[in-house]
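Chain residues, written in single-letter form:
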Amino acid sequence: MKISLGVLTSTMLVAAIVSLAGCASGTGGKDYSRAQTRTVQEVQMGIVESVREVNIEGTKTPIGAGAGAVVGGVAGSTVGSGKGSVVGAAVGAVLGGLGGAAIEEGVTRNKGVEITVKLDSGRLIAITQSADETFQAGDRVRVLSGGGTTRVSH
């Protein structure tokens, strides 16, 4: 069975980019990094004033651009022969790198919420996080802060 280089490179690019989705860290109220475990967090209570849907941009690591550049360079090198092959590889690498970066950002982008909370102290704050919990105006919530991270939970 013969597989064309175009199909193989497209498959490799998709596999590389899709694997990036698993690399994105969680940004929801229920997501904790390993470093956040066993640390003290300040807890404040408050009432949700408003909730607004937002988009949280995806990751922008060198992995997406690098994977795209490799695949694009290989695919571009099949164009022509001699110097044409070298030019094709260079153009393919640049276009593949741009495409890979865009695909990575798009695949790892997710929906979020901006939650405005009036703390019991009277202070008004807004926290943006992934939409892993549902909040409505009037909900009594906890605001946890520590280690540079703040989250809202029920």
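Only a predicted model underlies this, so the values are computations on that prediction, with no experimental measurement involved.

1. Some words on the overall build of the protein
Here is step 1: Looking only at helices and strands, the protein has 3 helices and 5 strands in total.
Here is step 2: Each helix and strand of the protein, placed in order from N terminus to C terminus, yields the pattern α-β-α-α-β-β-β-β.
Here is step 3: Residue burial in the protein is summarised as follows: out of 154 residues, 32% are buried.
Here is step 4: Across the protein, the fraction of contacts at a sequence separation of at least 24, relative to all contacts at a separation of at least 6, is 68%.

2. Concerning the confidence of the model for the protein
Atomic detail in the predicted coordinates should be set aside for any region of low pLDDT.
Here is step 1: Mean pLDDT over the protein: 77, with 67% of residues reaching 70 or higher.
Here is step 2: Across the protein, strand 4 (residues 140–146) holds the top mean pLDDT of 96, while helix 1 (residues 5–21) sits lowest at 50.
Here is step 3: pLDDT under 50 marks residues 20–24. Its contacts with residues more than four places away, or in other chains, come to 8 contacts.

3. Some points on the pairing of strand 3 (residues 124–130)
Here is step 1: Summarising the sheet, strand 2 (residues 110–119) and strand 3 pair through 7 bridges and their orientation is antiparallel. The partner of glycine 112 across the bridge, within strand 3, is serine 130.
Here is step 2: Joining the antiparallel neighbours strand 2 and strand 3 is a turn of 4 residues, in which glycine 122 adopts a positive phi near 100°.

4. A look at the pattern of salt bridges
Here is step 1: Considering all chains together, one arrives at 2 salt bridges under this definition.
Here is step 2: Here glutamate 114 and arginine 52 are joined by a salt bridge, their closest N and O atoms 3.1 Å apart. Taken together, the residues glutamate 114 in strand 2 and arginine 52 in strand 1 (residues 42–56) connect sequence positions 62 residues apart.
Here is step 3: Of the residues examined, glutamate 114 reaches a relative accessible area of 23% and is grouped as partly exposed.
Here is step 4: Aspartate 120 is the partner of arginine 140 in a salt bridge, and the nearest nitrogen-oxygen pair spans 2.8 Å.

5. Things to note about the packing of aromatic side chains
Here is step 1: If you walk through the whole model with that rule in mind, you get 0 aromatic pairs.
Here is step 2: The ring of tyrosine 32 has arginine 151 sitting right over it, with the charged end atom 3.8 Å from the ring centre.

6. Looking at the side chain of serine 145
Here is step 1: Here serine 145 shows up in strand 4.
Here is step 2: Looking at serine 145, its side chain comes within polar contact range of the side chain of threonine 150, at 3.2 Å.
Here is step 3: Leaving out residues up to four positions away in the same chain, serine 145 has contacts with Gln41, Glu42 and Thr150.

7. Things to note about the environment of lysine 118
Here is step 1: Turning to its location among the elements, lysine 118 is positioned in strand 2.
Here is step 2: Each residue touching lysine 118, except ones within four places of it in the same chain, is listed here: Gly46, Ile47, Glu49, Arg123 and Leu124.

8. Side note on the environment of alanine 126
Here is step 1: For alanine 126, the position within the fold is in strand 3.
Here is step 2: Sequence-wise, alanine 126 and valine 51 are 75 residues apart; in three dimensions their C-alpha atoms are separated by 9.3 Å.
Here is step 3: Sequence-distant contacts of alanine 126, defined by excluding residues within four places in its chain, comprise Glu114, Ile115 and Thr116.

Analysis parameters
- Residues numbered from 1 in each chain as written.
- Predicted model: local features only at pLDDT ≥ 70, side-chain atom pairs only at ≥ 80, totals over all residues.
- Heavy atoms only, no water.
- Helix = DSSP H or I, 4+ residues; strand = E, 2+ residues; numbered from the N terminus.
- Buried < 20%, exposed > 50% of the residue type's maximum accessible area, 1.4 Å probe, protein only.
- Contact = heavy atoms within 4.5 Å.
- pLDDT = per-residue confidence, 0-100.
- Pairing = 2+ DSSP bridges.
- Salt bridge = Lys/Arg side-chain N within 4 Å of Asp/Glu carboxyl O.
- Phe/Tyr/Trp six-rings, centres within 6.5 Å; stacked < 30°, edge-to-face > 60°.
- Lys NZ or Arg CZ within 6 Å of the ring centre and 35° of its normal.
- Polar contact = N/O pair within 3.5 Å; in protein donor to acceptor, adjacent residues only side chain to side chain.

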